[in-house]
Amino acid sequence: GNAILREITVQHPAAKTMIEIARTQDEEVGDGTTSVIVLAAEMLGVSQQFLEEKMHPTIVIKAYRQALEDATELLREKVATPIDLNDMSQMSKVIQSCIGTKFIAKWSDLACNIALEAVKTVSVDESGKKEIDIKRYAKVEKIPGGAIEDSRVLRGVMFNKDVTHPKMKRR
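What this report covers is the structure whose coordinates are included nearby. (Residues numbered from 1 in each chain as written. Predicted model: local features only at pLDDT ≥ 70, side-chain atom pairs only at ≥ 80, totals over all residues. Heavy atoms only, no water.)

**Quick look at helix 6 (residues 108–122)**
Here helix 6 contains 15 residues, and its C-alpha end-to-end distance of 21 Å stays within 8% of the 21 Å for a straight helix at 1.5 Å per residue. Its buried side turned inward, helix 6 meets helix 5 (88–99), strand 1 (123–126), strand 2 (129–132) and helix 7 (134–137). (Helix = DSSP H or I, 4+ residues; strand = E, 2+ residues; numbered from the N terminus. Expected span 1.5 Å × (residues − 1). Contact = heavy atoms within 4.5 Å.)

In structure tokens, the structure reads:
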């Protein structure tokens, strides 16, 4: 989804917004770009009839915001299942539901363990509030060669030291 939309040049403000939605979804989640485009397009399609009836756009936006609040409340009360953040098997199930459709599904146990360990490594407790900012505290470094099973979480700083001279010592 996002890979295709990055190549398109558009002038219409709504089209630019749709591309921005896909880019944001890709940056924040890494998946679901096509789904958010379909959802946003449907929401625009539904709102078109109200705009044609000369309803002010701010009223339409207010209604969408109220619908978002109502849906969020409904999901919290009737759909959401509380989980224990310290129960690694429950956490693994949540992670596996996210990566089950990806190419990495073959290595889902490894990916779940790496994800859990990485989140535990970067989570910060500040005055009773847990903050997990992976963009600021973590980086995925891809090193050519090796197998996916060689992947691991490193605590601290990693230096990629290239051999610049044949007589350079190796450890």
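**A word on the nonpolar core**
Counting seven residues, the largest nonpolar core is built from M91, I95, I99, I104, A111, C112 and L116. Elements that contribute at least two residues to this core include exactly helix 5 and helix 6. (Core = buried A, V, L, I, M, F, W, Y, C linked by side-chain atoms within 4.5 Å. Buried < 20%, exposed > 50% of the residue type's maximum accessible area, 1.4 Å probe, protein only.)

**Comments concerning the pattern of salt bridges**
Pairs can form between side chains of opposite charge whenever their charged atoms are close. Under the counting rule described, the total for this entry stands at three salt bridges. The salt bridge involving R23 is made with E27; its shortest N-O contact spans 2.4 Å. Of this pair, R23 and E27 both sit in helix 2 (residues 13–28), four residues apart, roughly one helical turn. Among the residues examined, E27 registers a relative accessible area of 45% and is labelled partly exposed. With a closest N to O distance of 2.9 Å, K139 and E141 form a salt bridge. (Salt bridge = Lys/Arg side-chain N within 4 Å of Asp/Glu carboxyl O.)

**A word on the layout of surface pockets**
In this model, the largest pocket occupies a volume close to 2400 Å³. Elements represented by at least two residues in the lining of the largest pocket include exactly helix 2, helix 5, helix 6 and helix 7. By residue number, the principal contributor to the lining of the largest pocket is helix 6, which donates eight residues. Here the lining of the largest pocket is composed, by residue class, of 25 nonpolar, six polar and twelve charged. In this structure, the second largest pocket encloses a volume near 450 Å³. Along the walls of the second largest pocket sit 17 residues, with A40, M43, L44, I61 and Y64 positioned nearest its centre. Elements that contribute at least two residues to the lining of the second largest pocket include exactly helix 2, helix 3 (33–52) and helix 4 (57–79). Looking at the lining of the second largest pocket, the element that brings in the most residues is helix 3, giving seven residues. (1 Å grid on protein atoms, 1.4 Å probe; cavity = no way out; pocket = protein on both sides within 12 Å on 5 of 7 lines; lining within 4 Å. Points joined across faces, edges and corners; volume = space filled by probe spheres on them. Nonpolar A, V, L, I, M, F, W, Y, C, P; charged D, E, K, R; others polar.)

Treat this as a map of the structure, not an account of what it does.
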